[in-house]
Amino acid sequence: MATQYDTVEGQQCLDEASLLSTVLRAAGDPQEHVVFVTSYQVSPTMLDHCLDMATKRHSRGGGGGSSLPEEDDQAMQQQQEAESRLRARITMVVVAPASGGGGEVRTLARAALQDHNVGRLRRALRHGAGDPRSSLSCFTAGEWEQRLADSLGLPLRNRHPDPARHREWGTKSGSRRAFVLAGVPHPRGSSDPGLRPCCFAVREVAADIRTLWATNPSLGAVMVKLNDGFSGLGNAVLRFPEGVIGEEEKTEDYVAGMMPGCLKFGSQEITWDYFSGQISAQGAIVEEFVECRGGGGIKLSPEVDIFIQEDGRASVVAVHEQLLTGHTGQYWGCSLPANSAYRAKMIEIGEKVGAVLSSDGVRGPFGIDTVAVSAGDDGDSDGADITWDVYSVEINLRQTAPLYPLAVTQLLTDSHFEDGLLLTTSGKKKAYISADFLEVDLFRGSSLEELLRLLEDNGLVFSATTKTGVVVQIGTSVEPASEPTITIHADSHHHTNQQHRTLGFVGIGDSPQDAARYFHAVVHLLCSKAPSLVGI
């Protein structure tokens, strides 16, 4: 039995992506009961969709549309019965996330620890009470998650014997320390000779930026990262003015004067006052902003995912190309396989960093964001013949967003990751492109059912027979507008009572070109129906 939840903004989207893969896994084990803890009321239509995908996968013969053929009454009845049995093994529990105020990250675990919620969870866990196979599975495993596990009498998956040390590896300063210990390339910056490991004042940040700039006169920009930043939202880019700047002008005062007006933040909602306050509260690191050599070439953002088993074995489970947006690179989607020219480098980075974290007791999933830059623009269309430099830039010590479409694709196609590729049991290659945070006007005020019908009418819905097509994994943008079930408490720099309206889907094919065909077919379909499409 698994209880899953997360602790970050955009949690509605992540909850739905996690729900689909959780239901798919549960469908394959008739003994498994799931208590799914979330911060909002999941749409009944979304749960129905997840159950439909799961039971269709295990039904006799599968199907190519969103429902089995009407003439096959027996097959339809079998699927309905299977769906009913699966639904009985899934319990949804909604708890409002708690906020500590003053910029403290709100966590679902803290809310779940309230007395009335603990009682609700214990009642929901009646099927797994005393079962040694029961456990608590979380988006991340920290102090509050351990407290919740203890209160429920469950072992916490992927726990670290020292939660504070575990958390440190997921910070920006901890990431750089891991890269040094692993001996993998990373940008020059904090903790290098002459620079602080972490800055806790604006003047310290300015001083270290000045040092980087002075030692590399050709440097075009630096990245300032809040130590506990998430998904690029705590990052800011400071680009230096073009033209010749005398060495005497590269002073700490000059840099400090630039920062309030010249830093480009990861979100329009972030202000200098907030960002500078967070430098004092959580610390910040500085590092060179990686750009293509000579101003030309290609810059990409591959990511490698690692899972460390309870016995300490670290395995690379995926290498993705990330689709990013914004000044500082906010995650928007991903694709697999990644570029063949640097897949081996990515796997090597994952194995080396995995060994470092494993030796310190880290367990479970984590991802490493990198930047890959080329020299010039020669080579074939996918960059396979180009020489690439790959720099590790941060560790995401949690269940990363690319792992959700990976799990969905593997479960629906019976495939596994091997040497950078997804292969079925028969050795057939699979590929996918995932858009996880697509904001679209078309279906606001409409229903997920209408979207699925539109995809079916255009022959795009995933087929259990061909194991190709489109899978909707996040449908929050396509449900009728209504008042939120709960109030999500937030600090003043964030919106409150705001429903996320985001569409996420995965285009699955037998090749990258096939996956791209499904992906772009959905985008074209939405563009033809919607007045505007945000994110493409």
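This one's a predicted model, so the numbers in the text were calculated from it and none came from an experiment.

### Concerning the packing of aromatic side chains
Then step 1. Tallied over the entire structure, the rule returns 5 aromatic pairs.
Then step 2. Their ring planes at 45 degrees and their centres at 5.1 Å tell us that F265 and F275 sit as a pair that is tilted. Of this pair, F265 sits in strand β5 (residues 263-265) while F275 sits in helix α11 (residues 272-282); the two residues are 10 residues apart in sequence, bridging distant segments of the chain.
Then step 3. Consider the rings of Y342 and W388, whose centres lie 5.2 Å apart with planes at 85 degrees: the pair is edge-to-face. Of this pair, Y342 sits in the loop between β10 (330-336) and α12 (343-359) while W388 sits in strand β12 (residues 388-396); the two residues are 46 residues apart in sequence, bridging distant segments of the chain.
Then step 4. Using a relative accessible area of 0% as the deciding quantity, one classes Y342 as buried.
Then step 5. Linked through ring pairs, W213, F240 and Y254 together constitute an aromatic cluster.
Then step 6. The cationic tip of R177 hangs over the ring face of W169; the distance from NZ or CZ to the ring centre is 4.2 Å.
Then step 7. Across the ring face of Y518, the terminal group of R517 is positioned such that the distance to the ring centre comes to 4.5 Å.

### Details of helix α8 (residues 172-182)
Then step 1. For α8, a buried count of 8 out of 11 residues is recorded, marking the element as mostly surrounded by other parts of the structure.
Then step 2. Taken as a whole, α8 has its buried residues at K172, S173, G174, S175, R176, A178, F179 and A182.
Then step 3. At the exit of α8 stands G183, carrying a positive phi of roughly 70 degrees.

### Quick look at the sheet that holds strand β4 (residues 235-239)
Then step 1. Taken in spatial order, the 4 strands of this open sheet run β5-β4-β3-β6, and their pairing is antiparallel. This sheet does not close on itself; its edge strands, each paired only once, are β5 and β6 (284-288). For this sheet, the mean angle separating the axes of adjacent strands, direction not counted, is 25 degrees.
Then step 2. Relative to β6, strand β3 (residues 221-226) is paired through 5 bridges, and the arrangement is antiparallel. Bridging from a neighbouring strand, V224 pairs with V286 of β6.

### Re the layout of surface pockets
Then step 1. Considering only enclosed or pocket space, the second largest pocket measures out at about 930 Å³ in volume.
Then step 2. Lining the second largest pocket are 41 residues; nearest its centre among them are R25, R157, F307, P365 and Q399.
Then step 3. When residues of the lining of the second largest pocket are traced back to their parent elements, those giving at least two are α1 (11-27), β8 (302-308), β11 (364-374), α13 (403-413) and β13 (415-418).
Then step 4. Grouping the amino acids of the lining of the second largest pocket by side-chain chemistry returns 20 nonpolar, 13 polar and 8 charged.

### What about the packing of helix α9 (residues 202-215) against helix α10 (residues 252-262)?
Packed helices, taken two at a time, are described by their axes: the angle between them and the distance between them.
Then step 1. It is the contact of α9 with α10, at a shortest axis distance of 8 Å, that shows an interaxial angle of 115 degrees. Relative to α10, α9 is oriented so that their crossing is right-handed. Residues V202, R203, V205, A206, A207, I209, R210 and W213 of α9 touch α10, and the partners they reach there are E252, D253, Y254, V255, A256 and M259.
Then step 2. Residue classes in the contact of α9 with α10 are distributed as 10 nonpolar, no polar and 4 charged.

### Looking at the environment of R203
Then step 1. Looking at where R203 falls in the secondary structure, it is placed in helix α9.
Then step 2. The sequence separation of R203 and A256 amounts to 53 residues, and the corresponding C-alpha distance is 6.6 Å.
Then step 3. Excluding residues within four positions of it along the chain, R203 makes contact with E252, D253 and A256.
Then step 4. At 2.4 Å, the side chain of R203 forms a polar contact with the side chain of D253.

### Thoughts on the environment of A338
Then step 1. Considering the arrangement of structural elements, one finds A338 in the loop between β10 and α12.
Then step 2. We classify A338 as buried; its relative accessible area is 5%.
Then step 3. Not counting the four nearest positions on each side in its chain, A338 is found in contact with V319, H320, E321 and R343.

### Side note on the confidence of the model for the chain
Then step 1. Summary statistics for the chain give a mean pLDDT of 82 and a share of 81% for residues scoring 70 or more.
Then step 2. Segment residues 98-105: pLDDT under 50, and 14 contacts once partners within four positions in sequence are set aside and those in other chains are kept.
Then step 3. Segment residues 480-500 is flagged for pLDDT under 50; beyond a separation of four residues in sequence, or across chains, it makes 43 contacts in the model.

### A few points about the environment of V506
Then step 1. Of note, V506 is situated in strand β17 (residues 503-509).
Then step 2. Taking relative accessible area as the criterion, V506 reaches 0% and is therefore assigned buried.
Then step 3. Spatially, the C-alpha atoms of V506 and F462 are 9.4 Å apart, while their sequence positions differ by 44 residues.

### A short note on the pairing of β3
Then step 1. Counted residue by residue, β3 has 6 buried out of 6 residues, so it is predominantly covered.
Then step 2. Burial of the side chains of β3 extends over both faces: A221, M223 and K225 are buried on one face and V222, V224 and L226 on the other.
Then step 3. Inspection of the sheet shows β3 paired to β4 by 5 bridges, in the antiparallel sense. The partner of V222 across the bridge, within β4, is L238.

### Details of the nonpolar core
As a rule of thumb, nonpolar side chains are buried together in soluble globular proteins.
Then step 1. Core analysis: the largest hydrophobic core is formed by 86 residues, its most contacted members being V353, L357, F366, I368, I395, L455 and F505.
Then step 2. Considering every element that reaches this core, the biggest residue donor is helix α15 (residues 512-529), with 8 residues.
Then step 3. With sequence-adjacent residues up to four places away left out, L455 is seen in contact with L460, V461, V470, V472, V522 and L525.
Then step 4. Of all hydrophobic cores here, the second largest spans 26 residues; its members include L195, W213, L263 and A284.

Criteria and cut-off values
- Residues numbered from 1 in each chain as written.
- Predicted model: local features only at pLDDT ≥ 70, side-chain atom pairs only at ≥ 80, totals over all residues.
- Heavy atoms only, no water.
- Phe/Tyr/Trp six-rings, centres within 6.5 Å; stacked < 30°, edge-to-face > 60°.
- Helix = DSSP H or I, 4+ residues; strand = E, 2+ residues; numbered from the N terminus.
- Buried < 20%, exposed > 50% of the residue type's maximum accessible area, 1.4 Å probe, protein only.
- Lys NZ or Arg CZ within 6 Å of the ring centre and 35° of its normal.
- Pairing = 2+ DSSP bridges.
- Axes fitted to C-alpha atoms, helices over the stretch in contact; angles between N-to-C directions.
- 1 Å grid on protein atoms, 1.4 Å probe; cavity = no way out; pocket = protein on both sides within 12 Å on 5 of 7 lines; lining within 4 Å.
- Points joined across faces, edges and corners; volume = space filled by probe spheres on them.
- Nonpolar A, V, L, I, M, F, W, Y, C, P; charged D, E, K, R; others polar.
- Left-handed = near helix turned anticlockwise from the far one by under 90°.
- Contact = heavy atoms within 4.5 Å.
- Polar contact = N/O pair within 3.5 Å; in protein donor to acceptor, adjacent residues only side chain to side chain.
- pLDDT = per-residue confidence, 0-100.
- Core = buried A, V, L, I, M, F, W, Y, C linked by side-chain atoms within 4.5 Å.

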